[in-house]
Amino acid sequence: MTTAEQIKVLCVRMNISISELARRIGQSPQNFSAKLKRGTITDTELVKIADKLNIFYEQSFTLPNGEKIKLTNGGSTND
């Protein structure tokens with residue numbers, strides 16, 4: 001599933017339109033929709049989406065030894 005598809009599913013489950021989500025993160029609906037189509041949503045925007053919707057966001061790499069390098073709403077951390 002692409003990031004754009006995940007955001008669309010998120011909007012459905014959170015009962016919010018893509019346009020409303022764009023406004024909440026300080027972007028025009030047209031600009032945000034174009035970013036979704038191009039697949040150019042940034043990590044910063046994903047964190048902002050999670051913050052505005054009051055949900056948790058995490059992206060991580062897991063090394064062979066189990067160590068995780070992750071980005072969450074709380075910022076970048078290493079475990």
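Refer to the structure above for everything that follows.
Every chain's residues receive numbers from 1 upward, in the order its sequence appears when written. Only residues with pLDDT of at least 70 get local features here, since the model is predicted, and only at 80 or more are side-chain atom pairs given and counted; chain-wide, interface and lining totals rely on the full set of residues. Only hydrogens and water are set aside when side-chain values are computed; all heavy atoms of the structure are taken into account.

> Would you mind going over the pattern of salt bridges with me for this structure?
Pairing is possible between side chains that carry opposite charge, provided their charged atoms lie close to one another. Salt bridge, as used here, is a side-chain nitrogen of Lys or Arg placed within 4 Å of a carboxyl oxygen of Asp or Glu. In this structure the tally under the stated criterion is 4 salt bridges. A salt bridge links Glu-20 to Arg-23; its shortest N-O distance comes to 3.6 Å. With Glu-20 and Arg-23 both in helix α2 (residues 18-24) and 3 residues apart, the pair spans about one turn of that helix. Only protein chains enter the accessibility calculation, which uses a 1.4 Å probe. A residue is then buried if its area is under 20% of the maximum for its type, exposed if over 50%, and partly exposed in between. Residue classification places Glu-20 among the partly exposed positions, given a relative accessible area of 27%. Close ionic contact of Glu-45 with Lys-35 constitutes a salt bridge, the shortest N to O distance being 2.4 Å. On the criterion of sequence distance, the pair formed by Glu-45 in helix α4 (residues 43-53) and Lys-35 in helix α3 (residues 29-38) is long-range, its members being 10 residues apart. A residue is classified by how much of its surface remains accessible, and Glu-45, at 8% relative accessible area, is buried. Taken together, the shared-partner salt bridges in this structure form one network comprising Glu-20, Arg-23 and Arg-24. Runs of E in the DSSP output that reach at least two residues are strands. Runs of H or I that reach at least four are helices, and both are numbered from the N terminus.

> Just to check I follow, could you spell out a nonpolar patch on the surface for this structure?
Each patch is built from residues lacking any salt bridge and having more than 30% relative accessible area; the joining distance is 9 Å for like charges and 5 Å for nonpolar side chains (Val, Leu, Ile, Met, Phe, Trp, Tyr). To be clear on the numbers: accessible area is Shrake-Rupley with a 1.4 Å probe, and residue cover counts the displayed protein chains and nothing else. Side chains of Phe-61, Leu-63 and Ile-69 sit close together on the surface and give an oily, nonpolar patch of about 280 Å² of accessible area. Take Phe-61: it is sitting in strand β1 (residues 58-62).

> Can you help me understand the side chain of Thr-72 in this one?
Positionally, Thr-72 belongs in strand β2 (residues 68-72). Its relative accessible area of 11% is what places Thr-72 among the buried residues. Throughout, a contact is declared for two residues whenever any of their heavy atoms are within 4.5 Å. Those residues in contact with Thr-72 that sit more than four places away from it in its chain are Val-47, Phe-56, Tyr-57 and Glu-58.

> Would you mind showing me how to read unusual backbone geometry here?
Peptide bonds are trans in most cases, and residues, glycine excluded, mostly fall at negative phi. Even without a glycine there, the phi angle at Asn-15 is positive, about 55°. Of note, Asn-15 is situated in the loop between α1 (3-13) and α2. At Asn-54, a residue that is not glycine, the phi angle is positive and equals roughly 55°. In this structure, Asn-54 sits in the loop between α4 and β1. Since its relative accessible area comes to 71%, Asn-54 is described here as exposed.

> Mind showing me how you'd approach the side chain of Gln-27 here?
Here Gln-27 shows up in the loop between α2 and α3. Given a relative accessible area of 14%, Gln-27 falls into the buried group. With residues up to four places along the chain from it excluded, the contact list for Gln-27 reads Ala-22, Phe-32, Lys-35 and Glu-45.

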